[in-house]
Amino acid sequence: MPVGGRISLLALLAALAAACGGGDAEPRRVVTLVTHSSPGGGSDVFLRELVPHLARLMGGTFIVENVQGGSGAKAMAAVAQAKPDGSLFYATTPTFIYTSLLSDPSARYTDLEPLVNLFFDPEVLYTAADSRFTTLRDVLDRARTGQGRWGAANPASLERQVMEQLKQKAGVSPAITTFEGGGDMLINVLNHTLDMGAGELQEIRAQLDAGRLRLLAVVGDERLPQFPGVATLKEQGVDLAVRKFRGLAGPKGMSAELVAAWEAAVPKLLDDPVYRKRYMDNSLQPGFMPHGDYARFMEAFGAETEAFLRQSGVIQ
Amino acid sequence: MSLDELIAIVPAAFGGVTWGIFGGALPGISPSITMALLLPLTYGMDPTTAIVMLAATYVGAEYGGSIPAILIRTPGTNAAAATVMDGYAMTEQGRAGEALGISLYSGFVGGLFGLGVVVLLAEPLSTVALAFTPPAYFALGVLGLSVIASLARESLVKGLMAGVLGLMISTVGTDPVTGLSRFTFGSPELLSGIPPILVMVGLFAVGELLAESGERGWHQAAPERARIRFPSPALWRRIALPQAIGSVIGAFEGMMPGGGGAVSSFLAYNEARRWSRRKEEFGRGSPEGIAAPEAANNTVACTTLVPILSLGIPSSNSAAVLLGGFLLHGLIPGPMLFVSHSGVVTGLFAGLLAANIAMLIVGYVLMGPCIWLVSRPRPYLTAFIYALVVSGVYAIETSLFQVGVALAFGLAGYALRYFETPLLPMVLGVILGFMVESNYRRALVLSGGDHATFLQDPVSAAFLTVAALFLVGSIAGHALGARRRRGAELPA
Amino acid sequence: MSRDLAFGVAGVVVAAGYYRMAAAIPTSALADAVGPQGLPKAYAVVLAALSLLLVGRSLRTRNADPRPRIPDPESRIPDPRFHLLRALGMLAIGVVYIAVVPWLGYVVALAGLVLAATWYRGGVFNGQIATVAAAGAIVFWLLFVRLLGIPHPPGVWPTLF
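Residues numbered from 1 in each chain as written. Chains lettered and ligands numbered in written order. Predicted model: local features only at pLDDT ≥ 70, side-chain atom pairs only at ≥ 80, totals over all residues. Heavy atoms only, no water.

## Looking at the pairing of strand S5 (residues 123-128) of chain A
All names here are of chain A. Applicable threshold: Accessible area is worked out with a 1.4 Å probe on protein chains only. A residue is then buried under 20% of its type maximum, exposed over 50%, and partly exposed in between. Numbered from the N terminus, helices here are DSSP runs of H or I no shorter than four residues, and strands are runs of E no shorter than two. At least two DSSP bridges between two strands are required for those strands to pair.
Within S5, six of the six residues are buried, which leaves it mostly tucked inside the rest of the structure. Bridge count between S5 and strand S8 (residues 196-200): four bridges; the pairing is antiparallel. Looking across to S8, one finds that Val-124 is bridged to Gly-199. Bridge count between S5 and strand S9 (residues 213-218): five bridges; the pairing is antiparallel. If you follow Thr-127 over to S9, its bridge partner there is Arg-214.

This is the structure in structure tokens:
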């Protein structure tokens, strides 16, 4: 082997070592917000819009990390194993509860500690603007004849749960079918394949603004400020409300000071006029919950979901 | 549009296309991952530049995917799977440069056609997406599966077996109706199913590495390969029809949510073969077999904008990332976008034109280096394809588990080669299985279990008729071919 | 045993195993008429039928067809036993990579993979190969980790320094 070759080999090995040890130390406080959503997905967009405002109010550097895979299982595992020093949080959505219940991930939702809640995604029932159904009652009457067709965005999801429970509580027997996401289902509402769909307000906003959809009911405790004319399900005589949460969770064992800092910052954040305009445009509903409330809420949400999945035989 | 805006758009288009070709050419890194990786960089840009850059990435990635399909028999993207057959056959004949030229040129033609469709007809065509009900999607899937008959070469039975195995693989994951986990063994990694690209990279790339590992030695590839050629006038005329077929099929596929580039490339390949005057060359290095699918997938990259712009509904993963790009810049795509932000829409159209031209230029420049890379001595090539596979597959979900799955499919690919069974029917089964099953069951839920729904829906009825005619035709063809072979032996 | 016969038998075995797993999928109150088991079971039956057809055909033509088989372009595998061992060796390189990459890190493990695969395929081991492997691994690291930002495992190295 020529000498030149050996020297270049050594140089390469040196570079190799440098490449491996390339972890850079960051003196500033860095807070990583982990989401299971891909860049551009629902939770990702939510976090990226949140981050500059958090940095302004709380100081430090906030970054968003997409830990995809396993429908949230990987993100949960990453957060559960992290040090509870306030440097790593997980953006919670109902997905992490469903994944915990539907499969056997290495860390479940109960292995994380809910920190605070920020928002709710308003869930609505809607139909096409040119459909023959103008009210929820029309849709329910149709379903009473055994002809109704309802849609939910995903097979094992909060929307499915809403539709199944509505069917039970209203005592009607529609066919309920599921899709791969809100967009897929939206088409089937627009082309009148479905009488009614259940989904997030955000997903249907463009069609709603264009006057192609009609809201039938809000599946929450209160009416939406953007649509004061649309009554909740409870107001329409069906005792059903869900809250699709968006908040943060961290590893177990976070200190009281850490929790208190977030509990103080989030209400200020939600009142911030600039941010407020942004999240109202994105159809998010402010829903601050302090640590204690959030933990109890999560426990109840998990128990309710588990009961639903068990009762319907999705899990044994 | 002002000159300033134009000045910002052109570099964005070039940057996006280069990035896209690059990501598309790495097996495992799909167009949507390539776009998603770019997304954080676009936060600081103005909305038009950001959207143009993302859309240009998609355009570039669709061409990029054909580079490894042609050169190393490994599709870089789902939509390049159909290009593997004739592309790699041409490479083996020392015509790699020609094959890449045809792919690039056909992609350009398809892209321009798609752009024309989007600019002129976006609003009226948005109704196409609305015509697609669950029975129609089911029928589209069946039509796609009927292509297996023409991919099956000598043995229809073995081709169908591979197709059914592919359908079986597609059932892994969350059940589309009940949400039950099927064949996941409790693993969250399998909840969302096995991505088709894993199967393709495993069957083609890893399978090939295993199959050729019996040959030892340092023989080098033919140096003649490095000649880059654009189609000659005679070839232009020959590939015009397949390009037209690919463009039209791609234009429609792009508009339907869930259709996507892969289905359109296979259908385009199949139709191009059916209408070709040189059917026998297909699968053995036919330029038409590259022109049709590559025109189709680049048309899709443009017409996928129709449902996004006019309905606000993403029709594929890549479109979903684009939608995220819109949302991050405070734009809500949908019917109102043309009114509220018409500047962004015009800018996007101008950017796509620039992107298609950029693709031609960047693609041409990159061809030489790519061909040089694959003409290295065989052992190096083997080793670096292996490295590319383990690195690229990991990127899908940053998962070593999935690297393992790809290796397992490599073993399956090795077995299928041993049993002389074509690989593409399995790929097609994996790509279409979920669409077929979920929409079959959805349609039956909606019809109350009545199978007549598939004939009552006009779109579904039309697709199913075409699929049935095609299947009967090719089974008759196979039988006739077998009889003729037997007949030819008798005198001897 | 001819290859078609072997493939047919393998198909029947796969179909039977898959059918058993499909039949074990639990039922759900949310299920439709077809159900989560419906299509998987149908696929298994179709595969079994096709496999039996292949078995039957290969048994029938085994003696009747003395003409030499035309080699399929997809098939490049001449002598099965030796060849299978070689292929499994190649596969093992990838399996070892998966096993060691969390500890050795992306760059070192990938350099090892390239080195092993080049040697395995080329039958020669020298400084040039080692240099190319190391350089290649660094280029890949620049490409995937630095440029594309894909978090390939760094290994134990960052904790050592």
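## As for the domain arrangement of chain A
All names here are of chain A. Our working definition: Either an automatic procedure or a domain database provided the assignment from which the domain bounds are taken. The term buried area denotes the loss of accessible surface (1.4 Å probe radius) that occurs when two parts are joined, taken as the sum for both partners. We define a salt bridge as a side-chain nitrogen of Lys or Arg found within 4 Å of a carboxyl oxygen belonging to Asp or Glu. Under the rule applied, a polar contact is a pair of N or O atoms within 3.5 Å (in protein, one hydrogen donor and one hydrogen acceptor; residues adjacent in sequence only if both atoms are side-chain atoms). Throughout, the ten residues Ala, Val, Leu, Ile, Met, Phe, Trp, Tyr, Cys and Pro are labelled nonpolar, Asp, Glu, Lys and Arg are labelled charged, and all others, Gly among them, are labelled polar.
Each assigned domain of chain A is listed here: domain 1 (30-121 + 243-311) and domain 2 (123-218). The straight-line distance from the C-alpha centre of domain 1 to that of domain 2 is 28 Å. In total, domain 1 and domain 2 occlude about 1200 Å² of area from one another, counting both sides; carbon and sulfur atoms represent 50% of this. If you look at where domain 1 meets domain 2, you find three salt bridges. Between Glu-123 and Lys-244 there is a salt bridge whose closest N-O contact spans 3.7 Å. At the junction of domain 1 and domain 2, the tally comes to seven residue pairs in polar contact (both at pLDDT 80 or more). Breaking the side of domain 1 that touches domain 2 down by element, the ones donating at least two residues are helix H4 (94-102), strand S10 (244-251), helix H10 (273-281) and helix H11 (291-311). Considering every element that reaches the side of domain 1 that touches domain 2, the biggest residue donor is H11, with five residues. Taken together, the residues that form the side of domain 1 that touches domain 2 break down as six nonpolar, four polar and six charged.

## Section: the pairing of strand S1 (residues 30-35) of chain A
Residue and element names in this part refer to chain A. Selection criterion: Look down the strands so they point away from you; if going from the first strand over the helix to the second traces a clockwise path, that crossover is right-handed.
Of all six residues that make up S1, five are buried, and the element is covered over most of its length. As judged from the six bridges shared by S1 and strand S2 (residues 61-66), these two strands associate in the parallel manner. Along S2, the bridge assignment pairs Val-30 with Thr-61. As for the winding sense of the linkage, the β-α-β connection from S1 through helix H2 (residues 42-58) to S2 is right-handed. Of the pairings in the sheet, the one linking S1 to strand S3 (residues 88-92) comprises three bridges and is parallel in character. Bridging across to S3, Leu-33 finds its partner in Phe-89.

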